[in-house]
Amino acid sequence: MKPINVGLLGIGTVGGGTYTVLTRNQEEITRRAGRPIRIVKVADRNLALAKEVTKGEVEVTDDAFAVVTDPNVDIVVELIGGYTVAKELVLKAIENGKHVVTANKALLAVHGNEIFAAAQKKGVIVAFEAAVAGGIPIIKALREGLTANRIEWIAGIINGTTNFILTEMREKGLDFADVLKEAQRLGYAEADPTFDVEGIDAAHKLTIMSAIGFGIPMQFDKAYTEGITKLTGDDIRYAEELGYRVKLLGITRKTEKGVELRVHPTLIPEKRLIANVNGAMNAVLVMGDAVGPTMYYGAGAGAEPTASSVVADLVDVTRMHTADPHHRVPHLAFQPDQLSDLPILPMEDVRTSYYLRLRAQDKPGVLADITRILADQEISIDAMLQKEPDEGEDQADIIILTHITVERNINQAIAKIEALPTINGKVIRIRMESLSR
Ligand SMILES: NC(=O)c1ccc[n+]([C@@H]2O[C@H](COP(=O)([O-])OP(=O)(O)OC[C@H]3O[C@@H](n4cnc5c(N)ncnc54)[C@H](O)[C@@H]3O)[C@@H](O)[C@H]2O)c1
Ligand SMILES: N[C@@H](CCO)C(=O)O
Ligand code: NA
């Protein structure tokens with residue numbers, strides 16, 4: 001059996017894991033793919049690292065362009081990351097008739113429409129299972145396993161770094177900065193960790209899932225993105241007192257008016273399975289009209305878990321490589337000429353429920369003012385918690401959980417509450433999802 005030849009770009013965390021897994025499981029992988037999958041060339045600008053990992057077994061270079069133009073290479077695996085050089089390399093590989101496997105969600109969320117169009121035109125495959133939720137085969141599930149369904153919504157913990165940080169902060173009371181350093185040491189974090197902690201990485205992944213789930217183009221620029229950097233230990237504790245966990249969730253939902261596309265810290269009832277997904281683990285809930293709720297759980301980051309998806313894509317591409325391009329599974333689940341122009345909903349039109357925390361002076365009438373403002377905005381209260389003022393203080397925290405309302409109304413209510421003379425500082429707002437409907 002003639003091997004299929006792979007050129008590997010980047011042999012860092014995921015590239016190294018890919019090299020190891022492919023080498024270690026060569027025999028099983030060949031039995032599944034139908035022919036050997038062989039890495040023939042590795043490019044990394046850190047040539048010493050490339051030599052160390054490959055131990056002289058394959059040709060190494062520091063010039064990635066020498067790989068994407070090499071006539072001997074059938075599939076290019078892009079694991080260097082970023083939007084600029086990676087984009088040039090992927091487009092060059094496609095132009096040269098090579099299939100591409102990538103873990104680069106940033107690249108796909110921002111330039112995916114262009115990349116998939118180029119691949120379609122050239123008749124090559126771009127596979128990206130590792131780009132979303134690392135080792136979890138969520139792309140496969142959405143694109144193939146659930147094709148009978150109208151997908152209603154997708155909600156997931158899709159960033160390992162932030163879930164690791166939130167878990168360590170909650171369980172061990174550790175400091176944000178220290179936990180982030182540990183996530184970086186473990187190879188979970190992006191090259192620029194602001195992508196993780198500000199929710200940008202999760203928004204990249206959510207953009208990809210939304211496109212596949214609903215048959216719409218990638219629209220990362222329209223995603224609402226809020227990270228975990230402003231979350232306080234107080235809010236995490238109060239949420240727990242009320243029976244909730246705080247998770248950074250990516251949520252995309254199809255409504256009649258448009259598609260919600262949002263990443264933000266979210267209160268989830270603690271009894272939900274997904275509320276108990278801890279550490280760098282990821283989980284994605286998908287609601288289909290026929291199947292109902294389904295959940296996918298596993299390692300969302302790290303060398304070998306992510307390599308598991310990269311290698312699965314290599315097997316897929318090897319199996320499909322000789323098929324007529326019209327008979328392959330479409331890149332984004334829907335046929336490319338069947339995309340819908342359903343708009344992304346502005347955040348103000350999103351409907352959800354809210355956790356509000358405010359610091360109020362301990363005076364009569366304060367609560368009445370707040371409840372009147374909420375009622376004027378047609379927001380009804382689900383639960384309320386009033387903390388006793390600390391010793392010697394005349395201010396106390398009030399926590400309010402609302403029923404579902406539209407974000408525009410809550411924004412107006414918050415502005416009015418903040419304007420009350422009895423309220424100090426900003427109202428803290430965290431969105432809540434029951435994940436049951
Ligand atoms: N680390 C994870 O858990 C994980 C999980 C899923 C997806 N990803 C994605 O996988 C990709 C790689 O991430 P990583 O964590 O392995 O990064 P990394 O920094 O560990 O590895 C990247 C490698 O690429 C090399 N490189 C960078 N620019 C290059 C260039 N122009 N030419 C040649 N080599 C170059 C670097 O020297 C490095 O060895 C990124 O797109 C990332 O978002 C990472
Ligand atoms: N930085 C990402 C890597 C996996 O995509 C995370 O923490 O989830
Ligand atoms: Na995946």
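Quick notes on the rules
- Per chain, residues are indexed from 1 in the order of the written sequence.
- Key to labels: chains lettered from A, ligands numbered from 1, both in the order written.
- pLDDT decides what is reported in this predicted model: residues at 70 or higher carry local features, side-chain atom pairs at 80 or more are listed and counted, and totals for whole chains, interfaces and linings draw on all residues regardless.
- Side-chain numbers come from the whole structure's heavy atoms, not from hydrogens or water.
- Proximity is defined per residue: if any heavy atom of the residue lies within 4 Å of a molecule or strand, that residue is considered near it.
- Here a polar contact is recorded for every N or O atom pair within 3.5 Å, except that within protein the pair must consist of a potential hydrogen donor and a potential acceptor, and residues adjacent in sequence are included only if both atoms are side-chain atoms.
- Residue-level accessible areas treat just the shown protein chains as cover; the underlying method is Shrake-Rupley with a 1.4 Å probe.
- Points on a 1 Å grid, built from protein atoms alone, make a cavity when a 1.4 Å probe fits but cannot get out and make a pocket when they are open with protein on both sides within 12 Å along at least 5 of 7 lines; residues with an atom within 4 Å of a point are the lining residues.
- For this analysis, a molecule is said to be in a pocket or cavity if more than half of its atoms are within 2 Å of the grid points defining it.
- Residue classes follow a fixed rule: Ala, Val, Leu, Ile, Met, Phe, Trp, Tyr, Cys and Pro count as nonpolar, while Asp, Glu, Lys and Arg count as charged, and any other residue, Gly among them, counts as polar.
- Grid points are joined across faces, edges and corners, and a volume is the space filled by probe spheres set on the points.
- Counting from the N terminus, the helices are DSSP H or I runs at least four residues long and the strands are E runs at least two residues long.
- For the domain bounds, the source is a domain assignment made automatically or taken from a database.
- UniProt positions are given in the numbering used here, feature names are shortened, and annotations may be inferred rather than shown by experiment.
- Each residue gets one of three labels from its accessible area relative to the maximum for its type: buried under 20%, exposed over 50%, partly exposed in between, using a 1.4 Å probe on protein chains only.
- Residue contacts are counted whenever heavy atoms from the two residues lie within 4.5 Å of one another.
- In these notes, a set of buried Ala, Val, Leu, Ile, Met, Phe, Trp, Tyr and Cys residues joined through side-chain atoms within 4.5 Å is what counts as a nonpolar core.
- Strand pairing is defined by DSSP finding a minimum of two bridges between the two strands.
- Distances define the donors: N, O and S atoms within 2.8 Å of the metal qualify, as do those within 3.2 Å of Na, K or Ca. Water is excluded, so some sites may look unfinished.
- Note on geometry: axes are C-alpha line fits, over the in-contact stretch for helices, and angles between N-to-C directions span 0 to 180 degrees.
- When describing relative orientation, an angle under 35 degrees is termed roughly parallel and one over 145 degrees roughly antiparallel, while 65 to 115 degrees is termed roughly perpendicular and anything else oblique.
- Crossing handedness is defined as follows: a turn of the near helix away from the far one that is anticlockwise and smaller than a right angle gives a left-handed crossing, while the clockwise case is right-handed.

### Here's the deal with the site of ligand 1
No. 1: Surveying the vicinity of ligand 1 reveals 21 residues, the closest of which are T13, V14, D44, E190 and G302.
No. 2: A distance of 2.9 Å separates an oxygen atom of ligand 1 from a polar atom in the backbone of T13.
No. 3: Residue E190 places a side-chain N or O atom 2.7 Å away from an oxygen atom belonging to ligand 1.
No. 4: Considered on its own, ligand 1 offers 830 Å² of accessible surface; in the complex 83% of this is hidden by protein.
No. 5: Among the cavities detected, the one that contains ligand 1 is the largest pocket.
No. 6: Among the residues forming the shell around ligand 1, the class breakdown is eight nonpolar, nine polar and four charged.

### Comments concerning the layout of surface pockets
No. 1: In this structure, the largest pocket occupies an estimated 1,200 Å³ of space.
No. 2: In terms of lining, the largest pocket is formed by 46 residues, of which the most central are L79, I80, G81, G82 and A191.
No. 3: At the level of secondary structure, the elements contributing two or more residues to the lining of the largest pocket comprise α1 (13–24), α5 (84–95), α6 (105–122) and α11 (200–214).
No. 4: For the lining of the largest pocket, the residue count by class is 20 nonpolar, 17 polar and nine charged.
No. 5: Of the domains in this structure, domain 1 (4–135 + 303–335) and domain 2 (139–299) are the two that each give at least three residues to the lining of the largest pocket.
No. 6: Estimated volume of the second largest pocket: approximately 330 Å³.
No. 7: Together, 15 residues line the second largest pocket, and E226, K230, I428, R429 and I430 are the ones closest to its centre.
No. 8: Element by element, the count of residues in the lining of the second largest pocket is highest for strand β17 (residues 423–432), at four residues.

### Brief notes about the domain arrangement of the chain
No. 1: By domain assignment, the chain separates into domain 1 (4–135 + 303–335), domain 2 (139–299) and domain 3 (351–432).
No. 2: Inter-centroid distance (C-alpha atoms) of domain 1 to domain 3 is 51 Å.

### Considerations on the UniProt feature "binding site: L-homoserine" (unreviewed entry) in the chain
No. 1: Feature annotation in UniProt assigns "binding site: L-homoserine" (unreviewed entry) to the following positions: E190.
No. 2: By the element assignment, E190 lies in the loop between α9 (176–185) and α10 (194–197).
No. 3: A relative accessible area of 25% means that E190 is categorised as partly exposed.
No. 4: Residues within four places of E190 in sequence aside, it is in contact with K105, F195, D196 and D201.
No. 5: At 3.1 Å, the side chain of E190 and the side chain of K105 are in polar contact.

### Focus: the site of ligand 2
No. 1: Residues in close proximity to ligand 2 include K105, N159, G160, T161, Y188, A189, E190, D196, D201, K205, G300 and A301, which together make up its full environment.
No. 2: Residue N159 places a side-chain N or O atom 3.5 Å away from an oxygen atom belonging to ligand 2.
No. 3: Y188 places a main-chain nitrogen or oxygen 2.6 Å from a nitrogen atom of ligand 2.
No. 4: Relative to its unbound accessible area of 250 Å², ligand 2 is 94% covered by the protein chains.
No. 5: The cavity that encloses ligand 2 is the largest pocket.
No. 6: Elements with a minimum of two residues in the shell around ligand 2: α8 (160–172) and α11.
No. 7: Split into classes, the residues belonging to the shell around ligand 2 amount to three nonpolar, four polar and five charged.

### Describing the nonpolar core
No. 1: Ranked by internal contacts, the top residues of the largest apolar core, which has 80 residues, are F128, I138, L142, I208, M209, L267 and V286.
No. 2: With eight residues, the single largest contributor to this core is α11.
No. 3: The contacts of L267, once residues within four sequence positions are left out, are A239, Y244, R245, V246, Y355, L401, I430, R431, M432 and E433.
No. 4: Among the nonpolar cores identified, the runner-up in size contains 30 residues, and I4, Y19, A33 and I39 belong to it.

### Digging into the sheet that holds strand β1 (residues 4–9)
No. 1: In space, the six strands of this open sheet follow the order β3-β2-β1-β4-β5-β6, with parallel pairing throughout. Edge positions in the sheet fall to β3 (59–61) and β6 (126–127), since each has one partner strand and no second.
No. 2: When β1 meets strand β4 (residues 75–78), the two strands line up parallel, connected through four bridges. Bridge pairing in β4 links G7 to V76.

### Overview of the coordination of the sodium ion (ligand 3)
No. 1: Distances from the sodium ion (ligand 3) to its protein donors, namely E129 (O), E129 (OE), V132 (O), G134 (O) and I136 (O), fall within the range 2.3 to 2.9 Å.
No. 2: All donors of the sodium ion (ligand 3) belong to a single chain; written as a sequence motif, their spacing is E-x2-V-x1-G-x1-I.
No. 3: The exposure class of E129 is buried, given its relative accessible area of 5%.
No. 4: On the basis of relative accessibility, which here comes to 3%, the residue I136 falls in the buried class.

### A closer look at the packing of helix α14 (residues 366–376) against helix α15 (residues 407–418)
No. 1: Running from amino to carboxyl end, α14 crosses α15 at an angle of 155°, the nearest separation of the two axes being 9 Å. Relative to α15, α14 is oriented roughly antiparallel. Both α14 and α15 take part in a crossing whose hand is right-handed. Judged by residue contacts, I370, I373 and L374 of α14 engage A413, K416 and I417 from α15.

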